[in-house]
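Observations on chain architecture
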Amino acid sequence: MKDNSNPNKKNSLKHVLFGSLIGTTIEFFDFYIYANAAVLVFPQLFFPSTDSTNSVLLSLATFSIAFLSRPLGSAVFGHYGDKIGRKATLVIALLTMGISTVSIGFLPSYASIGIAAPLLLMLCRFGQGVGLGGEWGGAVLLAIENAPPNKRAWYGMFPQLGAPIGLLLSGGTFLILTDTMSAEAFLDYGWRIPFVASSLLVVVGFYIRLKITETPAFENSKKEQEEVKIPFFTLLKFYKNQLIFGTFAAITTFLVFYLMTVFTLSWATSDLGYSKRDFLLMQLFSVLFFALFIPVSALIADRIGRRKMLIYATTAIAVFGFAFSFFLNSGSTVLVTLFLCMGMALMGFTYGPLGTFLSELFPTTVRYSGTSLAFNLAGILGAAFAPMIAIWLATQYSLTYVGFYLSTAACISLFSLLMISKEEHKF
């Protein structure tokens, strides 16, 4: 029998890149089917109210729970990822996310068990966040710690591709279900199908992850006895600035994404008169631009540097914020689609090199913890409450202020990118 645990065995390029990609694809698929359901289904089934806006806001509030629990996943999985290795931690993180997601598909509604239904939904959402908090950093390190020095951004963009692929799969699944089922059947049981079906993807990811060996960087760190006792405390003591500025550098990435997906889907279908099907199609088309510009940005980042690439992309997002209202309020399907494509292209430019950039801020002994925490703390600041804040701004003021919200966040990220240390740690 082949020994896949042998530390001297080198991971093949195919296993490294596919292993990092398949995990994040599954994780983001699970994460996004919740986002779709939070807008399309959960307000009626788990948060019934005479005021539909309140139902939507309560549903979106549960959406934010996963962002609050992601740093917990980062801390826990990051600790063991830096102590015992990337491989075992990645497998457990995948299972945590998968079990939480499948469980949602079997939850009874508010009409069946009352207040226990939204409470169980929140518990499952919490589990999703913990799993994704541990998954993303490990997947990025699996790719980057196996990469040649001049191709780190290129290798590091493979787990990032899991986001648009997961979004396409989740949006496409919901689109097919709503097209092929009556509204009553979809609300009754159809929405459960993608949650339960995600178990098949988890099995595939689990199998691939088991075939991968430990990364060379982690093995070298163990041989040189560089292990630290508690990575989290070491991180806070010696790498606090990297963690703080790295977090704020990433907030715009989260904000632009969730404004272009969750917020626009909710606002366009409730206030601008678009049907859910038509707008989902427009969003799915725009995701192609997200996927396209991730590898483009990675290629550029390997040439000019990850930090410089992020500075350019963040500046462009700050400018884009001022055009937010003009496009979304245009009443033109063409202009709104162009708006979504532009936003997703900018998302690709900032998301592609982000994992590599964050991982290079920390040494091997605390890299899993540092990269994961910076990314997921940015998720809280940039995305946890973004849809609700945007809906409030648009309702109380106008869409123009949603654009200002995005531009302000971009300026904060730009300042952090300019302030952050340029030092790169060995791999």
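Overview of the structure. (Residues numbered from 1 in each chain as written. Predicted model: local features only at pLDDT ≥ 70, side-chain atom pairs only at ≥ 80, totals over all residues. Heavy atoms only, no water.)

Topic: the overall build of the chain
Worth spelling out the cut-off: Starting at the N terminus, helices and strands are each numbered in turn, a helix being any DSSP run of H or I of at least four residues and a strand any DSSP run of E of at least two. Each radius of gyration reported is based on C-alpha atoms, and the globular scaling rule is 2.2 Å times the count of residues to the power 0.38. Here's how the labels work: a residue is buried when its accessible area is under 20% of the maximum for its type, exposed when over 50%, partly exposed in between, all with a 1.4 Å probe on protein chains only. Whether two residues are in contact is decided by their heavy atoms, any of which lying within 4.5 Å being enough. Computed with the Shrake-Rupley method and a 1.4 Å probe, the accessible areas treat only the protein chains shown as cover for residues.
For the chain, the count of helices and strands is 20 helices and zero strands. Expected size for 427 residues packed as a compact globule is a radius of gyration near 22 Å; at 21 Å, the chain falls within 12% of this value. Here the C-alpha coordinates of the chain stretch approximately 65 × 45 × 35 Å along the principal axes. Going through the 427 residues of the chain one by one, you find that 60% of them count as buried. Taking contacts inside the chain between residues at least 6 apart in sequence as the whole, the part at least 24 apart equals 85%. In the structure as shown, the chain presents an accessible area of about 16,600 Å², 68% of it carried by carbon and sulfur atoms.

Structural notes on the environment of valine 204
Among the secondary structure elements, valine 204 is positioned in helix α9 (residues 192-210). For the pair valine 204 and isoleucine 26, spaced 178 residues apart in sequence, the C-alpha separation works out to 9.4 Å.

Remarks on a nonpolar patch on the surface
To keep it simple, the criterion reads: Like charges within 9 Å and nonpolar side chains (Val, Leu, Ile, Met, Phe, Trp, Tyr) within 5 Å are joined into patches, using only residues over 30% in relative accessible area that form no salt bridge. By definition here, a salt bridge exists when the distance from a side-chain nitrogen of Lys or Arg to a carboxyl oxygen of Asp or Glu is within 4 Å.
Taken together, the side chains of Leu72, Val76, Tyr80, Ile84 and Phe126 present a nonpolar region at the surface, about 450 Å² in accessible area. Element by element, the count of residues in the nonpolar patch is highest for helix α3 (residues 52-83), at three residues. Along the chain, the position of isoleucine 84 falls in the loop between α3 and α4 (86-104).

Some points on the pattern of salt bridges
By the definition in use, this model includes five salt bridges. Notably, a salt bridge pairs glutamate 360 with arginine 152, separated by 3.2 Å at the nearest N-O pair. Pair noted here: glutamate 360 is in the loop between α17 (354-359) and α18 (367-384) and arginine 152 is in helix α7 (residues 152-180), with a separation of 208 residues, a long-range link. Take glutamate 360 and arginine 152: they sit in the same class, and that class is buried. Here glutamate 360 makes a salt bridge to arginine 306, at a shortest N to O gap of 2.5 Å.

Describing the packing of aromatic side chains
Basically, it comes down to this: Here a pair means two rings of Phe, Tyr or Trp (six-membered ring of Trp) with centres within 6.5 Å. Their orientation is stacked below 30 degrees between planes, edge-to-face above 60, and tilted elsewhere. Only Lys NZ and Arg CZ are tested; either one counts as a charge over a ring when it is within 6 Å of the ring centre and within 35 degrees of the ring normal.
Per the stated rule, a full pass over the model turns up 27 aromatic pairs. The interplanar angle of 85° and the centroid separation of 6.1 Å between the aromatic rings of phenylalanine 46 and tryptophan 191 together place this pair among those described as edge-to-face. In this pair, phenylalanine 46 is assigned in the loop between α2 (42-45) and α3 and tryptophan 191 in the loop between α8 (183-190) and α9, connecting sequence segments 145 residues apart. Taken individually, phenylalanine 46 and tryptophan 191 each receive the classification buried, so the pair is uniform in this respect. Chaining the aromatic ring pairs together yields one cluster made of Phe263, Trp267, Phe320, Phe324, Phe326, Phe327 and Phe339. One residue, arginine 125, lies across the ring of tyrosine 34, its end atom 4.2 Å from the ring centre.

A look at α4
Three- or four-residue spacings in an α-helix give side chains the same orientation, since the helix completes a turn every 3.6 residues. The cut-off we apply is this: One less than the number of residues in a helix, times 1.5 Å, gives the span that helix is expected to have.
Its 19 residues place the ends of α4 28 Å apart at the C-alpha level, agreeing with the 27 Å of an ideal helix rising 1.5 Å per residue. Three or more residues of α4 are buried, namely Arg86, Thr89, Leu90, Val91, Ala93, Leu94, Met97, Gly98, Ser100, Thr101, Val102 and Ile104.

Observations concerning the nonpolar core
The criterion, for reference: To qualify as a nonpolar core, a set must consist of buried Ala, Val, Leu, Ile, Met, Phe, Trp, Tyr and Cys residues joined through side-chain atoms within 4.5 Å.
Core analysis: the biggest nonpolar cluster contains 125 residues, and Phe42, Tyr258, Phe263, Phe324 and Tyr351 have the highest contact counts within it. The element best represented in this core is helix α12 (residues 240-270), accounting for 16 residues. Judged by nonpolar contacts, the second largest core, of 11 residues, contains Leu94, Leu142, Ile208 and Tyr368.

Things to note about α9
Here α9 contains 19 residues, and its C-alpha end-to-end distance of 28 Å stays within 8% of the 27 Å for a straight helix at 1.5 Å per residue. Looking only at α9, the buried set comprises Arg192, Pro194, Phe195, Ser198, Val202, Gly205, Ile208 and Arg209. Here the buried face of α9 lies against α1 (13-40), α2, α4, α6 (116-144), α7 and α8.

Observations concerning the packing of α3 against helix α19 (residues 386-396)
In plain terms, the rule: Angles here are taken between N-to-C directions and fall from 0 to 180 degrees, while the axes themselves are lines fitted to C-alpha atoms, restricted in helices to the stretch in contact. When residue character is reported, Ala, Val, Leu, Ile, Met, Phe, Trp, Tyr, Cys and Pro are called nonpolar, Asp, Glu, Lys and Arg charged, and the others, Gly included, polar.
At a closest axis distance of 8 Å, the pairing of α3 and α19 adopts a crossing angle of 145°. Two secondary-structure elements touch here, α3 through Leu57, Leu60, Ala61 and Phe63 and α19 through Pro387, Met388 and Ile391. Partitioned by chemical class, the residues of the contact of α3 with α19 number seven nonpolar, no polar and no charged.

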